Every structure is written in C-alpha cells, then in structure tokens.
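# Remarks on the overall topology
Residue strings, one per chain:
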Amino acid sequence: MSAPESREQSPPASASSAADKPAKSKPRRSPRRRHLVIVESPAKAETIARFLGDDYVVDASYGHVRDLPSTAEERPDSIKGKPWAELGVNVEEDFAPVYIVPADKRAHVKRLQQILKGADKLLLATDEDREGESIGWHLIELLAPTVPVERIVFHEVTPEAIEQALRSPRQVDRNLVEAQESRRILDRLFGYSLSPVLWRKIQVGLSAGRVQSVAVRLLVDRERERARFRAATYWDAEATLEAAEGPLPATLKRLGQERLPTTRDFDPASGALTAAGVRLLDEAQVADLIEALRAAEPWNVTSVETSPHSQRPAPPFTTSTLQQEASRKLGFSARRTMQVAQSLYEGVDVGSEREGLITYMRTDSVTLAKPVLTELQDLIREQFGAAYAGGSRAYRTRTRNAQEAHEAIRPTHVRRSPDAIRSALSEDQLRLYELVWRRTLASQMTDAQLERTVVQIQVQLTGARAGDSPGLFEARGRRLVFAGYLRVAAVEPDDPEAEDESERLLPAVAAGESVRLAALEAKRHQTQPPPRFTEASLVRRLEEEGLGRPSTYAAILSTIQDRGYAFRQGSALVPSFLAYAVTELLERHFGDLVEPRFTAQMEEVLDAIARGESDSLSHLRAFYHGSDGEPGLAARIDTELPDIGFPMLDIGADPESGDPIAVRIGRFGPYLQRGEGGPGNTASVPPDLPPAELDTARARELLAVNAEAPRNLGHDPDTGLEVVLHRGRFGPYVQRGPSPPDGAKGAPRPQRASATPGANPDDVTLEDALLWLSLPRTLGTDPAGGETVTAASGRFGPYVQRGDESRSLTDSDDVYAISLERALELLAEPKSASFRRASRSRVLADLGSDPGSGKPIRILDGRYGPYASDGETNASLPRGTDPTQVTLERAAALIADKAAAPKRRRSSGSARKRAGGAKGGKKAAGPAKRSTAKRSTAKRSTAKRSTVKPPDD
C-alpha cells in the first residue's frame, strides 16, 4: 500500500558558491521523521502497522489516557478540601472536570510523547464513535503536539479502509467530544451523589448508575409482576385422527356455540380470564367430555384453508441485536460477545496476513455500503442461484436515538466464508463470525415462501352431551414452499419472529372427507407469569426504551450481576432482595431518576449536543443545581436524606399472629423479620430464593426452621458432656459442652464441628456427631523430626498436617481412618501434587468437555465458594447459583468470560512510588480554565487509570 510523500524539507542552499569554498565531506543527514498514528488497542496497532510503510509509526493509547479521579489518593492537591473534590467535577464553576493521568497510563503517555518528538504529523485513528473522538481530544490536550494533527476514521481494519482514511482526514469533531464529556460528567454526578446514600441507608459498596439503576428497576418490576400473578388452569382435548393420507393431529376449539379458551384469553399480567363468551372446563368436566367424544361419530372434515405466507429476513446486525442473537443461539453473555467481536474487528492472522474480519462492532446502523450490496448479490447468485438474489434490500433503523455513523456489523470481505478461515479462529471467534456472515448474507436474500394450512373437523355428540354438539377440532400446520433466506439462516423456535404454528406437515385432506378417531386425551394448560428478563431480552428492552448506548450494555449487565443486584437461574436474570431494597429507596425518594422516560430524555439531550443543536452546560446546571424553581440533585439529596429510612420489603402479615413480616438487608445478606424481631422471629433468606417466590407461607416455614430449638443428641460417653445439634447460618453443626454465658470473657469455648455436606439435620445421630467431633485426630509422631502429625477437615476439605506442612487427602483416603504411615507418605510428596489432589477432592460435578476447547469442565468447591474450571481458568459461580444446576454451556460461558476479562492489577505503595504517585511525584495539575468554544476543554494531569474505557452509564 502506498504511503503519502514525506514532507521532510531539504536544508536551505548557501548564499556562497561551492567553488569559493574548500571541499567538505557530505553533510550529516537529519534523522528521518515519520507520521505517528495512535489507535486505542495494541492488537489494532499491530494489525494497522502491517498495512503501512516505514513512513509511519503506529502505537496504542490503551484506551483512555485521562479520566476523573476515583479515589482520594488520585485527587490532585489543588482540589483537596474543596466541597466538590469527591466528585472530581467543579460544580461551582461551570462543571469543569478535573482530569488526571491514571498511574498505569503514565508510561504509555511518556512513550507517545517521546515518539511524537521525532514525528512530522500526528494521526488520531481512535474508534469512530463518541468515546473514540473523546480519546483523540484527550491525546491532543495531553501531548500538546506542535506538528500538524489529523483525525482519520475507518469502520473496518483492512488495507483498503486504512488507505481511504488516509486520503480523507478531518479534524476532531468537537460536538462529539462535548457529548461524550457531558455524559461522563453526568454519570459522575449521578453515581457519586446517589451511591453514598445507598451506603448510608442500605449497605456499603453499593452503586447507583444513570442507566444501571433503571435496568435494575426493570428487573424488579418484572419480578413484582410475577409475584402478583396468579396462575389459571384450563383444559382442552387433543385428538389424533386417521385420514387416508396419514395421521392428522387436532385440538378441540369449540363445543356448540361456545369457544374454548386459549392463552390469549388470559391477562398476561394477572393470569385472570379476561375474554367473555368462552367455555372454561375443569378436570372432571373434561374427563366426562372425553368419554362422550370417544363414542361420538362421524368425524368429518368441514373445511381446508390454505394461504401463502412470506417471511422476510432480519436486517444485518447492530450492536444490540448481535448481543441478543449471540445470547440466544450461542449462549454468550453480552460481555463475552463484545470481547470476541472486538478481537474479530481488531485483527486475526489469516494465512500470512493479519486484518480485521468484521466491521466496527459498536453501531446502531442496519445499512450496508453499496459496493457490499452489489458483491452480496453476486455471491448469492453464484452460490444459490438467481432465484435467491432478488435485488439489494434497504433496512431502516427503528431504534430510538440511533447513531448511524457506521455500517451494520458485517464481514469485511463477504466472500470469506467461515469454512475458509476455520483453522485461523478460536471456537468462539468462529461461532460468532459465522453468525455475522450468515446474517449478512441472509439479509440480502429473497423472502422465504410458506404455506399455512388450517383444517377443521366436526364431530356430532349425542345423548346428554347433545347440547355441546358439534364439537369442533382444528389442525394447523405450515409447509415450506421456497426456502429463500432460510437456506442460510434458519429461524429457530425461540426467535422473536418465529410463528406460533408448528412446522408439522399435515396430510392431504379435502372438505367432506371422513376421518376416524385413533386417540384422544385431555390436555391441561396453565397460564405462565411474565418471563424474567434474560441478558438478550433486557438488552432489547433497553434499546427499545432508548436507555443508554448499545456499546455500554455489556458493562451494565456485568455490573448488575457483580454488585449482587441479580443472579442467574438458567439464562434468566433474577433480581435479588438487595435490588428490591435499592429500587424501593430510589423510587420513593428519587422516583423520576429511575423512570425510563426520564433517562431516555437525557439520552436525547446528549444526542442533541452531539449534533451541535444544544449545549451541555445548561442541562448540567438544571440536573445538578435545578432550574425554574425545581431543585436539582444536590438540593434533593440534602432534603430527602433525613427522611430516608432503612428499606423494609413487606411480605405480608402472619396469618396467626397478625404481625407484619418483612425482609431486611443485613450485614450478611437479606433476612426475615416478624414483628419487632427477636428470638424465633428472624431467619436468613436463602441466597438463591427469587423474591417472587417468597410469600407469607414460605416466610413462616423459614422462621419456623430457624426457631427450632437445638436438638439434644445425647452425652459423650468419654467426657459426659452434652452433644447438641444446632442450625447455623452456614448449615447444621454439632457442639459438645455448654456455650459460655453471654458477656463472659475468656470462658472456654465448646468444641464444634460442621455436619457433613448434604447431611439431613433430622437424621443426625449421636454417633454421627461424635465422629465429626473426633477431628482433629492425632495420628502419632514423625520419627524423623519428632513433630506431631494430625488429620483434620478444613475449608478446603480433609488434610493431614505436621508442623507448618499440610497435604490434602485423596479421594481414596478417609480422614477418620487414615494411618500415620499413610499421612507421612502424603507429607513426603511435593506440595504441588497435593494441590492437584485438593482440586480433585473438591469436585462437585463433572460436566464434560468444553465444546470449543475440548478441555474437561468441572464444578468445584473453593475457598470463596463454588466455581467452574477447565484446568486453566477458574470462574466463580454468581451468588445464589445452585452448583448442581449449572449446565456445561453455562460453565463454559463463565470460564470464557473470565479468560477474556482484563486482569486486575494490584496496587501497592512501592508501585505507586515507582509510578510517580502522590508522594514524591509531580503535583497533579488542577482544573484548567474553560475554553471559550466548548465546556469540555480543560487541561488536567496525574494519577489512577483504567485500561478499558470507563463505563458510560
């Protein structure tokens, strides 16, 4: 690929003639100056560097080079003591942000400054979105270049796209920068103002977020709907009829003039029957009807209706639809999807070349470039025939506040099929690339043509059931006439676009034909509560409501789960009681801030700023300080804070005592409180119990179990001490001897031992308890060193110990029977071997091999709870997850997410000192004066970091 000509100037000619001067050696040439290209990630830099010649140096900023300070340590001395210092935004002077250089970015910045000294031009090639534009602006502010600066953008990492970008540079778009900086400040004001309220009133460590809190509310609202829902039961009958051409399955639809209900006749929110004029049968009535139908005849086909139906392909992927489809079809989390898509975009080695395989993966657009449309039509004709290429399709974006600067997500070269590059991709990359390739190809193919068929069959009832005559049965099916785009992208049953009718092919029948009853059975149906959100459906809802940006959804979903606001049951996201408490507090005191419409309006304001149609300062003032007599966030917090009480989630009244039962959030998690609490009136709530399933009956069960008095198992025959079974927060345990009196200091504590995992408290005997209490066992003395050897059971399982040395037991060793000789054998082995055995001894489930890597995946019990492991990567199970219910697919997804997540770096005093931290380093610059052009122009410097982009919402 050709590079622009060098702009290096020749030295000026001397005024004197060369003949008038003695001959000299050739002048020394000045060092070669090159263009510096800065991108965001090193992987992208490596790929682009391969395309450019020696006239370019390509380096990475590693994401943001500046950010608002997050901790007291990061705050510059110049703002310490200011009332707004914790915010990192000067709310007293036009919301000027205080930017610092994160500690682990200083080396990157210094390197870029050194390279820039030898460059004759700076090319900012950060991502083509608001955040990429902001990173480019920060680089200019920080590097202060004295050479020309140009902004180049491209939506795919290919030689052609890079060359086109070099031919059409532009300047940094200050409107996009203003919008992004406003978003960052707005989110800081929201989160750093409201999160401390949650710390004081609920629990330390919680967080509020402008979009995050609304997403949590959506989960809670859906769980509230499920709690209010009352399932309804209705019955019908399924018949198998024998026609001349084969079996005809049919469902009872009417009895005489009355229609039998379907799911659509019930309120989806309450479960109550809403339709009028329908016949609701109970089990006894259906049983009686079945007997009458078996004796009835004739069964005649009264009508056969066939109608054509076209099914259109879905548009190419946007960020949110890619996340949704990867969740449904591949089982990927949103974060995993974006990580894999990022790797495909930044570059993969294909043969001897490295280039991006898909276009930019953060986009709202469903459009494709005209040359790509032409190439797709040619490819479709070649591979499938002219009938499948009906001409290029144009799609319209229906997403609110869509940003359509890019194309849709597509392969950079549509002729590059998944099979052609299979060997160059990881399993995750291949599966996601194939999803993108098929969706892109299918979007430009002709409609699928189907044929719907509805067959109606009547049967005459006699005798006591004559009033129900005729009985009308209906058979539905559909047939694929022309596959169209389905040749590439089959519609799966769980697709939103999928039809209600089954795909069964009905036998050919004609009106007036008689059929024979072969089988008949009653069918019970029960209405289902509104389904919980999955990651895919929550992303869809956020996008439909115009909440946040698709590029931030992965981070929001991860934060919701990491903070304990939601846990998974299968693919469903279940809100926790903590989420209930946070949502109730925010709704009660700051209700508008967690209203979807309010948050969507804020997004519209940011979009207007990005278009240059609005300024940020007036909106920031109105939000934080208030306007037109309405108080802003700061004043509202001051006013509301004294009235905010500890949120208690009402469960209902105890039917016997009448005392209210509520859930409270305690230091160790949620717990039940009846009345004023006290002995017998409190109980921990199981961490995996969905809030919608906790009613007064379930609450009374938990309180009753917790209130049970300790059970006396008998007396130890050796000591005469009483042995008692207790129920503790972490399960049943046994105790030998009495507990010391309350307040007694220095009194000896009784010996205790946990019950064996899985032990039923009702089945525990004195013999069981004495066995558990027999640990630790003294096995004897090591003849070599004279140290005592013991056997015990700890948090990592059974082990033997000698002095400071310990080794875990193998599966075949029994901690209650192991001998001194065997213990010495174990202690003589290398410690690493013992660690490997420890892993084996804690296995909870063997799930099989990872379909991608082929590595065996297991669920193990570790120091911090159960986790999934493939032998190389360990991933903790989300809080509340039942280890026995984790599937292979779910475990593989957790492991992949953990493996792809950026490694967290430990901070230490010495590390801060080496990085030039607060002590001994240069003083951080305070807030710079605002630019007259735009609010967000400010020079800041020094301290903490984030290798990835800080969350937007």
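It should be noted that the structure appears before, not after, this text.
In this report, we go over the structure that sits alongside the text. (Residues numbered from 1 in each chain as written. Predicted model: local features only at pLDDT ≥ 70, side-chain atom pairs only at ≥ 80, totals over all residues. Heavy atoms only, no water.)

### Brief notes about the packing of helix 3 (residues 130–143) against helix 5 (residues 174–201)
Note the threshold: Interaxial angle, 0 to 180 degrees, is taken between N-to-C directions of lines fitted to C-alpha atoms, where a helix line uses only the stretch in contact. Each helix corresponds to a stretch of at least 4 residues labelled H or I by DSSP, and each strand to a stretch of at least 2 residues labelled E; elements are numbered beginning at the N terminus. Working rule for angles: under 35 degrees goes down as roughly parallel, over 145 as roughly antiparallel, 65 to 115 as roughly perpendicular, anything else as oblique. We call two residues contacting when some pair of their heavy atoms lies within 4.5 Å. All amino acids are sorted into three groups, where Ala, Val, Leu, Ile, Met, Phe, Trp, Tyr, Cys and Pro are nonpolar, Asp, Glu, Lys and Arg are charged, and the leftover types, Gly among them, are polar.
At a closest axis distance of 8 Å, the pairing of helix 3 and helix 5 adopts a crossing angle of 100°. Comparing the axis directions of helix 3 and helix 5 gives the class roughly perpendicular. Here helix 3 contributes Arg130, Glu131, Glu133, Ser134, Trp137 and His138 to the contact with helix 5, which in turn contributes Arg174, Leu176, Val177, Ala179, Gln180, Glu181 and Arg183. Residue classes in the contact of helix 3 with helix 5 are distributed as four nonpolar, three polar and six charged.

### Here we look at the pattern of salt bridges
Just so we agree on the cut-off: Think of a salt bridge as a Lys or Arg side-chain nitrogen and an Asp or Glu carboxyl oxygen that are within 4 Å of each other. Exposure classes here rest on a 1.4 Å probe applied to the protein chains alone. A residue is buried below 20% of its type maximum, exposed above 50%, and partly exposed in between.
The final tally for this structure, using the stated rule, is 63 salt bridges. Notably, a salt bridge pairs Glu587 with Arg217, separated by 3.0 Å at the nearest N-O pair. Residue Glu587 is found in helix 14 (residues 577–590), and its partner Arg217 is found in helix 6 (residues 212–228); the two are separated by 370 residues along the sequence. Here Arg217 falls in the buried class, since its relative accessible area comes to 15%. Within the structure, one salt-bridge network assembled from shared partners comprises Arg217, Asp221, Arg224, Glu587 and Glu595.

### Thoughts on helix 8 (residues 319–330)
Short version of the rule: In this scheme, a helix's expected span is set at 1.5 Å multiplied by one less than its residue total.
For helix 8, built from 12 residues, the straight-helix expectation of 16 Å at 1.5 Å per residue is met to within 8% by its first-to-last C-alpha distance of 16 Å. Burial analysis of helix 8 places nine of its 12 residues in the buried class, which makes it a mostly covered element. Here helix 8 has its buried residues at Thr319, Ser320, Leu322, Gln323, Gln324, Glu325, Ala326, Ser327 and Leu330. Buried-residue contacts for helix 8 involve helix 9 (334–346), helix 11 (427–443), helix 12 (535–545) and helix 13 (550–562).

### Some points on the pairing of strand 7 (residues 233–243)
Convention followed: Paired strands, as defined in this entry, are two strands with at least two bridges between them according to DSSP.
Two strands pair when backbone bridges link them, and strand 7 and strand 15 (residues 514–526) are joined in this way by 10 bridges, in the antiparallel orientation. From the neighbouring strand, Ala239 faces strand 15, where its bridge partner is Leu520. The pairing of strand 7 with strand 8 (residues 246–255) spans six bridges and is antiparallel. Note on strand 8: the bridge partner recorded for Ala239 is Ala250. Counted between consecutive antiparallel strands, the loop separating strand 7 from strand 8 contains two residues.

### Quick notes on the environment of Ser307
Tracing the chain through its elements places Ser307 in strand 10 (residues 299–311). Each C-alpha atom of the pair Ser307 and Leu450 lies 8.6 Å from the other, and the pair is 143 residues apart in sequence. Dropping the residues within four chain positions of it, Ser307 is found in contact with Leu450, Glu451 and Arg452.

### A short note on the packing of aromatic side chains
Which entries qualify depends on this criterion: Between the rings of Phe, Tyr and Trp (Trp by its six-membered ring), a pair exists once the centres lie within 6.5 Å; its type follows the angle of the planes, with under 30 degrees stacked, over 60 edge-to-face, and the other angles tilted. Note on geometry: a ring has a charge over it if NZ (lysine) or CZ (arginine) is within 6 Å of the ring centre and within 35 degrees of the ring normal.
A full pass over the atoms with the stated rule returns seven aromatic pairs. Between Tyr234 and Phe266, the ring centres sit 5.1 Å apart and the planes meet at 20°, which makes this aromatic pair stacked. Here Phe266 lies in the loop between strand 9 (258–259) and helix 7 (283–295) and Tyr234 lies in strand 7, a separation of 32 residues in the sequence. A relative accessible area of 5% places Tyr234 in the buried class. One cation-aromatic arrangement involves Arg222 over Phe533; the distance from NZ or CZ to the ring centre is 4.3 Å. One cation-aromatic arrangement involves Arg224 over Tyr580; the distance from NZ or CZ to the ring centre is 5.9 Å.

### What about the sheet that holds strand 30 (residues 797–802)?
The four strands lie next to each other as 28-29-30-31, forming an open sheet whose pairing is antiparallel. Each end of this open sheet is capped by a strand with a single partner; those strands are strand 28 (777–781) and strand 31 (805–808). Across the sheet, the mean angle separating the axes of adjacent strands is 25° when strand polarity is ignored.

### Here's the deal with the pairing of strand 17 (residues 572–575)
The alternating pattern of strand 17 places Ala572 and Val574 on one face and Leu573 and Pro575 on the opposite face, and all of these are buried. With four bridges joining them, strand 16 (residues 566–569) and strand 17 adopt antiparallel strand pairing. Directly across from Gln569, in strand 17, lies its bridge partner Ala572. The hairpin turn running from strand 16 into strand 17, its antiparallel successor, is two residues long, and Gly570 in that turn takes a positive phi close to 65°.

### Things to note about unusual backbone geometry
Omega for the bond connecting Ser469 with Pro470 falls within 30 degrees of zero, at -5°, which places this linkage in the cis form. Considering the arrangement of structural elements, one finds Pro470 in the loop between strand 13 (448–459) and strand 14 (471–482). Along the chain, Leu775 connects to Pro776 via a cis peptide bond; the corresponding omega equals 0°. Assignment of secondary structure puts Pro776 in the loop between helix 19 (766–773) and strand 28. In this structure, Phe95 is a non-glycine residue whose phi angle is positive, near 60°.

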